[in-house]
There are 2 protein chains.
Amino acid sequence: MREGKVLPGGVIKVGSFLNHMIDTQLAAEIGREFARIFGSDGITKILTIEASGIAYAVLTGVELGVPVVFAKKAVGRNTSGDNAFCCCVHSFTKDVDATVSVGCDYLKPDDRVLIIDDFLAMGEAVFGLADLVRQSGATLVGAGILIEKAFQAGGTRLREAGIRVESLARISSTEGGVIAFS
Amino acid sequence: MREGKVLPGGVIKVGSFLNHMIDTQLAAEIGREFARIFGSDGITKILTIEASGIAYAVLTGVELGVPVVFAKKAVGRNTSGDNAFCCCVHSFTKDVDATVSVGCDYLKPDDRVLIIDDFLAMGEAVFGLADLVRQSGATLVGAGILIEKAFQAGGTRLREAGIRVESLARISSTEGGVIAFS
């Protein structure tokens, strides 16, 4: 509430501690909390999307003792020749479509996957990552989210699609530039 | 040596444990090692560049108890209105130029900054990050690198420019598709 800033269009800026500068002690605590929530679910791999989910995915992975895979938004020369699971993800914040991919070697049918991401708004990123999991034949256990914008449709859409979503903070409104939690 | 693959043009693919899938126990060990190397240098902030440096920067930051700032390669709506330090970084791997920026709020003249990145080849990324530090008036303490390609010019150029570079692994050659360390 003290550090978050509301920008036009319901965009919430938390760059000072969450996704441009990272408060590493808070981040470590977040990793421990996700590990507590999903610790008995037999997770074998954590999946996130570059870039701002990586810190939280990795700290959760350290706690759970499992590797982290991050889906890439662009294909550079050093992924050429690889087979990859791909999907298209729309970012409402940036108003762009991105092709998101994970090398086929990194998600296997016997994996039990936890998705970690910083924000949940319309749910596009999580739906995209869930589709990569589906393509691989792995099992999606659920999604751990730092901040859910409960005033946008993503959380409802994901839960109606049968995806378990655990959010550490739920924001019910940014009206008048005031961040209200639910 | 077992997992790394050599691609044409001296590109080394370590996606299976370092920068697409991340071995989190190795990553935590890397964070502890950088904290050991730079632990007495009064670091106040760690700077990296999205995306693949973030995991290692954050784990080093957890150990040193300091925040991590990551320079962004693209400007989305949620950074609009911010003042930012900017520079241009060329990626030889991807053969693209990227504008890289850090919000002016996140680097201050009294900061002592450690740069962390996964690869050092031609040194473009570290030179770019060093320039952001210079713009801010902060002090650059040094750069911690996971893998230095010692057969490319970056390490020499950075050290000749007076930048302290500490690499955890130095690769002297990839000739014949064989990774040789020095």
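Our structure's up above, just so we're on the same page.
(A) Highlighting the pattern of salt bridges. All names here are of chain A. Counted by the stated rule, this structure contains 18 salt bridges over all chains. Across the pair Arg-164 and Asp-41 runs a salt bridge, and its minimum N-O distance is 3.1 Å. Here the residue Arg-164 occupies a position in the loop between helix H5 (154-160) and strand S10 (165-173), and Asp-41 occupies one in the loop between helix H2 (24-38) and strand S4 (45-49), the gap between them amounting to 123 residues. For Arg-164, a relative accessible area of 31% translates into the label partly exposed.

(B) Spatial organisation of the relation of the copies chain B and chain A. With an RMSD of 0.0 Å, the fit of chain B onto chain A corresponds to turning through 180° and sliding 0.0 Å along the axis. These values place the two chain copies in the arrangement generated by a two-fold rotation axis. The fraction of interface residues of chain B whose copies in chain A are also interface residues reaches 100%, indicating that both copies meet through the same surface.

(C) The arrangement of the sheet that holds strand S4 (residues 45-49) of chain B in detail. With mixed pairing, seven strands are arranged side by side in an open sheet as S3(A)-S5(B)-S4(B)-S8(B)-S9(B)-S10(B)-S11(B). For this open sheet the edge positions go to strand S3 (21-22) of chain A together with strand S11 (180-181) of chain B, each flanked by a neighbour on one side alone. Two strands pair when backbone bridges link them, and strand S9 (residues 139-149) of chain B and strand S10 (residues 165-173) of chain B are joined in this way by six bridges, in the parallel orientation. Looking across to S10 of chain B, one finds that Glu-148 of chain B is bridged to Arg-170 of chain B.

(D) Representation of the packing of helix H3 (residues 54-64) of chain A against helix H3 (residues 54-64) of chain B in the model. Following both chains from N to C, one finds H3 of chain A and H3 of chain B inclined at 65°, their axes separated by 9 Å at the closest point. As H3 of chain A packs across H3 of chain B, the resulting crossing turns out to be right-handed. Mapping the contact onto sequence places Ile-54, Ala-55, Val-58, Leu-59 and Val-62 of chain A in H3 of chain A and Ile-54, Ala-55, Val-58, Leu-59 and Val-62 of chain B in H3 of chain B. Its residues placed into classes, the contact of H3 of chain A with H3 of chain B shows 10 nonpolar, no polar and no charged.

Conventions and cut-offs
Residues numbered from 1 in each chain as written. Chains lettered and ligands numbered in written order. Predicted model: local features only at pLDDT ≥ 70, side-chain atom pairs only at ≥ 80, totals over all residues. Heavy atoms only, no water. Salt bridge = Lys/Arg side-chain N within 4 Å of Asp/Glu carboxyl O. Helix = DSSP H or I, 4+ residues; strand = E, 2+ residues; numbered from the N terminus. Buried < 20%, exposed > 50% of the residue type's maximum accessible area, 1.4 Å probe, protein only. Least-squares fit on C-alpha atoms with pLDDT ≥ 70 in both. Contact = heavy atoms within 4.5 Å. Pairing = 2+ DSSP bridges. Axes fitted to C-alpha atoms, helices over the stretch in contact; angles between N-to-C directions. Left-handed = near helix turned anticlockwise from the far one by under 90°. Nonpolar A, V, L, I, M, F, W, Y, C, P; charged D, E, K, R; others polar.

Scope: geometric values only; no functional claims are made or implied.
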